Amino acid sequence: MKDNNYIHAQSGLEKDARAWWKEGVLYQIYPQSFKDTNGDGYGDFKGVIEKLDYLESLGITMVWMNPFFGSPLVDNGYDVSDYTSIHPRYGTMEDFDAMLEGLHSRGIKFVLDVVVNHSSIEHVWFQQSRSSRDNIYRDYYHWWPAEKGTPPFRDSIFDPEGAWQFDEKTNAYYLHYFAKEQPDLNWENPKVRAEIYEIMKFWAQKGVDGFRMDAFQYASKDTTFPEWPKGHEKEYDKWYGMRPQLHDYLKEMYKEVIEPYQLFAVAEGSGTTFQDAHDLVDAERNELQVAYHFDCRDIVKDVPSYQLSDFKAVFSKWDDSFKDKGWLAIYLSNHDVSRLVSRYGNSAPAFRSLSTQMLNTFLLSMRGTPYTYYGDELGMTNIDMPTIEEYVDVSAIGDYHRAKAAGEDMTEFMKKLNFNSRENGRTPMQWDATVNAGFSSVKPWKKVNENYLEINVEAQEKDPKSVLNHFRKMVQLRKDHAVLVYGDYQILDEAHPDIYAYTRTLKDKQFLVLLNFSDTESTITLPQVVGILKPLINNYDAFEIIEDRITLQAYQATICELTNL
Ligand code: NOJ
Ligand code: CA
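The text that follows walks through the structure, step by step, so that each part is easy to find. (Residues numbered from 1 in each chain as written. Chains lettered and ligands numbered in written order. Predicted model: local features only at pLDDT ≥ 70, side-chain atom pairs only at ≥ 80, totals over all residues. Heavy atoms only, no water.)

### Details of the overall build of the protein
The number of helices and strands found in the protein is 18 helices and 21 strands. In terms of C-alpha radius of gyration, the protein reaches 24 Å, essentially the compact-globule figure of 24 Å for 565 residues. For the protein, the spread of C-alpha atoms along the three principal axes comes to 80 × 55 × 50 Å. Within the protein, the fraction of its 565 residues that count as buried is 62%. A sequence separation of at least 24 residues applies to 69% of the contacts in the protein between residues at least 6 apart. (Helix = DSSP H or I, 4+ residues; strand = E, 2+ residues; numbered from the N terminus. Rg over C-alpha atoms; globule rule 2.2 N^0.38 Å. Buried < 20%, exposed > 50% of the residue type's maximum accessible area, 1.4 Å probe, protein only. Contact = heavy atoms within 4.5 Å.)

Written out as structure tokens, the structure reads:
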């Protein structure tokens, strides 16, 4: 960051102070799909080490890596059986240390995925807990004794049979909001919390810089397990999580881990209201630091189409709510959804690159910490998986059985799954045009997208106008200009059907962002905007402006500095 900009930034910030995790650009790595170095078909830490220079070349400053701990891998590592060990698939603890050191020496911070709403059934705590009713680990999980009858219904996100699983050994049911192999930990138990803080300290002492708290809004539950009124299922997050005592636990965690080690933490999910989100992350609360809401994900449902007006409304209302206080993550893709360009852009050959560049311009020019999912800096797309036999994801398979039991039209269901499934976002990184896209010397754990011959790092390195090089330019632009990090956001001509236009303003600096979300040329009239300088970034050569009318080509994205202040 250029210092002079940041002097403005600092003096322009009244409530919350500057922070590296606000100024950073985050890159998310799904480790089993990034780079395989030992020829087993799975990505590994040595693969990340091999690609450190690539990561540095992107300009990103933070890496969040999905889980790599000891695990039976029912949910690809979101079912942890040993929180302080490394699954051999990824390498050893020495490899982890070398990877962390390699990132740090390049100025890249590391964000650890902490999966403590639940563990794996193979965790020693659960093995003990299920062994007898008077085991000292019994209260580490939620149990319902069968002599009390069937427990009040609780739905499960992955398991069509519901969230209570009968366990014969002790004649009781245990609770699992996700798969039955992911029993929920009992956060009301202070011993559980103390164990978790020790785990977090272990990683903090290793030098990780931040945490991403998986499914954390569900950690605290009403453990009397009352029957809930009809209609509660429409507000899953409200009923299943965000109990008031969650905040006590977060404050405790802050005191024990976050503050002493000067870390930060992101809450995955942020309740159902803005107030919920603020209560999780506002600075003076001393809980978490960054809110990661799902509204942007939910704009797109089962088909690749959405209203630009909804897109604008979601980002505008969240920005408005966070303009004075709190901090947001800005993302459009991750390991739980389909690919960025397939979901929000246009993956047709003529528009794939342009629309990905447009979306990356958006992500990197909003207020909030931008998150880029590996491969989206290239415009990697969804894959085609029309039949259920190809799916390995516990969530996809659960949804399939649920739909079948409900008598849904399964042809329609498969169409939706093919578009929406999170397997789309987990295919191997496309490094080059050699066999298996340069990801592995053997058949990878998940099939490579056949478009790798065309969409790959090596090809895009050579092309100054590629999606990759545009991404790099955009990252640099953000790093050079504090206005893109801290500046106020103001939407312009909100009703425009094709173009998303907004300004970012910090003290005497003002940038205008213009994004055409349509596949045709479109004109916007902005009488309130004067003094447009030549674009700082543009995914076309030309930029057409006649008086106050600007015409953008299909998926054109540009940012200009304004001089009217
Ligand atoms: C959210 C994670 O992002 C997802 O991948 C996982 O399956 C669930 N939490 C359960 O841990
Ligand atoms: Ca490997």
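### So, the pairing of strand β5 (residues 109-114)
Every other side chain in a regular strand lies on the same face of the sheet, so the side chains alternate between the two faces. Extensive coverage of β5 is indicated by the burial of five of its six residues. Sheet topology places strand β2 (residues 62-65) next to β5; four bridges connect them, and they run parallel. Within the sheet, the bridge partner assigned to Val63 lies in β5 and is Phe110. In this structure, β5 lies alongside strand β9 (residues 210-213), joined through four bridges in parallel fashion. Its bridge partner being in β9, Val111 is matched across the sheet by Gly210. (Pairing = 2+ DSSP bridges.)

### Some words on the sheet that holds strand β12 (residues 329-330)
One open sheet accounts for eight strands, arranged β11-β10-β9-β5-β2-β1-β13-β12; its pairing is parallel. Each of the sheet's edge strands pairs with one partner strand only, and the pair in question is β11 (290-292) and β12. Direction of pairing for β12 relative to strand β13 (residues 369-373): parallel, over a ladder of two bridges. Counted as the bridge partner of Ala329 is Thr369 from β13.

### Some thoughts on the packing of aromatic side chains
A full pass over the atoms with the stated rule returns 64 aromatic pairs. Taking 6.2 Å as the distance between ring centres and 55 degrees as the angle between the ring planes, the aromatic pair formed by Trp144 and Trp164 counts as tilted. Of this pair, Trp144 sits in strand β6 (residues 143-145) while Trp164 sits in strand β7 (residues 164-167); the two residues are 20 residues apart in sequence, bridging distant segments of the chain. Judged by relative accessible area, Trp164 falls into the buried class, the value being 10%. With a centroid separation of 4.8 Å and 65 degrees between ring planes, the pair formed by Tyr373 and Tyr374 is classed as edge-to-face. There is no split in this pair, since Tyr373 and Tyr374 are both buried. By way of ring pairs, the aromatic residues Tyr306, Phe311, Phe315, Tyr344, Phe362, Tyr489, Tyr500, Tyr502 and Phe517 are connected into one cluster. Against the face of Trp144 rests Lys148, its NZ or CZ located 4.0 Å from the ring centre. The lysine or arginine in question, Arg339, covers the ring of Tyr374, its NZ or CZ lying 4.7 Å from the ring centre. (Phe/Tyr/Trp six-rings, centres within 6.5 Å; stacked < 30°, edge-to-face > 60°. Lys NZ or Arg CZ within 6 Å of the ring centre and 35° of its normal.)

### Structural notes on the site of ligand 1
Near ligand 1 the following residues occur: Asp75, Tyr78, His118, Phe158, Phe178, Arg212, Asp214, Glu268, His335, Asp336, Arg422 and Arg426. Here an oxygen atom of ligand 1 sits 3.1 Å away from a polar atom, N or O, in the side chain of Arg422. The fraction of the free accessible surface of ligand 1 (300 Å²) that becomes covered by protein chains is 97%. Residues that form the shell around ligand 1 fall into these classes: three nonpolar, two polar and seven charged. (Near = heavy atom within 4 Å. Polar contact = N/O pair within 3.5 Å; in protein donor to acceptor, adjacent residues only side chain to side chain. Areas by Shrake-Rupley, 256 points an atom, 1.4 Å probe, with all protein chains shown as cover. Nonpolar A, V, L, I, M, F, W, Y, C, P; charged D, E, K, R; others polar.)

### What about the pairing of β7?
Here β7 pairs with strand β8 (residues 172-175) via four bridges, running antiparallel. By the bridge assignment for β8, Phe166 is matched with Tyr173. The loop that links β7 with its antiparallel partner β8 comprises four residues; one of these, Asn171, has a positive phi angle of about 50 degrees.

### Overview of the pattern of salt bridges
What the rule picks out here adds up to 41 salt bridges. Through salt bridges with shared partners, one network takes in Asp75, Asp336, Asp393, Arg422 and Arg426. (Salt bridge = Lys/Arg side-chain N within 4 Å of Asp/Glu carboxyl O.)

### Describing the coordination of the calcium ion (ligand 2)
Of the protein atoms, only Asp36 (OD), Asn38 (OD1), Asp40 (OD), Tyr42 (O) and Asp44 (OD) coordinate the calcium ion (ligand 2), at distances of 2.3 Å. Taken in chain order, the donor set of the calcium ion (ligand 2) reads D-x1-N-x1-D-x1-Y-x1-D. Of the residues examined, Asp40 reaches a relative accessible area of 32% and is grouped as partly exposed. (Donors = N, O, S within 2.8 Å, 3.2 Å for Na, K, Ca; no water.)

### Things to note about the side chain of Lys221
By the element assignment, Lys221 lies in the loop between β9 and α8 (236-240). The contact partners of Lys221, leaving out residues within four places of it in the chain, are Asn117, His142, Leu175, Tyr177, Asp184, Leu185, Glu188, Tyr240, Arg243 and Gln245.

### Points about the sheet that holds strand β20 (residues 549-552)
With antiparallel pairing, three strands are arranged side by side in an open sheet as β17-β20-β19. Single-partner strands in this sheet number two, and they are β17 (522-525) and β19 (544-546). Neighbour to neighbour, the strand axes of the sheet diverge by 20 degrees on average, direction disregarded. As paired strands, β17 and β20 are joined by four bridges and run antiparallel to one another. In the strand pairing of β20, Thr523 is matched with Thr551. (Axes fitted to C-alpha atoms, helices over the stretch in contact; angles between N-to-C directions.)

### Considering the environment of Phe315
In this fold, Phe315 is placed in helix α11 (residues 308-321). Of the residues examined, Phe315 reaches a relative accessible area of 4% and is grouped as buried. Between the C-alpha atoms of Phe315 and Cys296, which are 19 residues apart in sequence, the distance is 7.4 Å. For Phe315, the contacting residues outside a window of four places in its chain are Cys296, Ile330, Tyr331, Leu332, Phe362, Met366 and Tyr500.

### Points about helix α14 (residues 394-405)
Here α14 spans 17 Å end to end across 12 residues, near enough to the 16 Å set by a 1.5 Å rise per residue. Three or more residues of α14 are buried, namely Val394, Ser395, Ala396, Gly398, Tyr400 and Ala403. Those residues of α14 that are buried lie in contact with α15 (410-420). Phi turns positive one or two residues past the end of α14, at Gly407, with a value near 70 degrees. (Expected span 1.5 Å × (residues − 1).)

### Concerning the packing of helix α13 (residues 352-363) against helix α17 (residues 467-480)
Helix-helix packing is described using two parameters, namely the angle between the two axes and the distance between the axes. Between α13 and α17, the shortest axis-to-axis distance is 10 Å and the interhelical angle comes to 15 degrees. The orientation of α13 with respect to α17, classified from their angle, is roughly parallel. Both α13 and α17 take part in a crossing whose hand is right-handed. Contacts between α13 and α17 involve Ser353, Thr356, Gln357, Asn360, Thr361 and Leu363 on the former and, on the latter, Val467, His470, Phe471, Met474 and Arg478. Here the residues of the contact of α13 with α17 are counted per class, giving four nonpolar, six polar and one charged. (Parallel < 35°, antiparallel > 145°, perpendicular 65-115°, else oblique. Left-handed = near helix turned anticlockwise from the far one by under 90°.)

### Here's the deal with unusual backbone geometry
The phi torsion at Asn171 lies on the positive side, around 50 degrees, for a residue other than glycine. Phi at Gln262 takes a positive value of approximately 55 degrees, unusual for a residue other than glycine. Considering the arrangement of structural elements, one finds Gln262 in the loop between α9 (245-258) and β10 (264-268). Look at Gln262 and you get exposed, because its relative accessible area is 62%.

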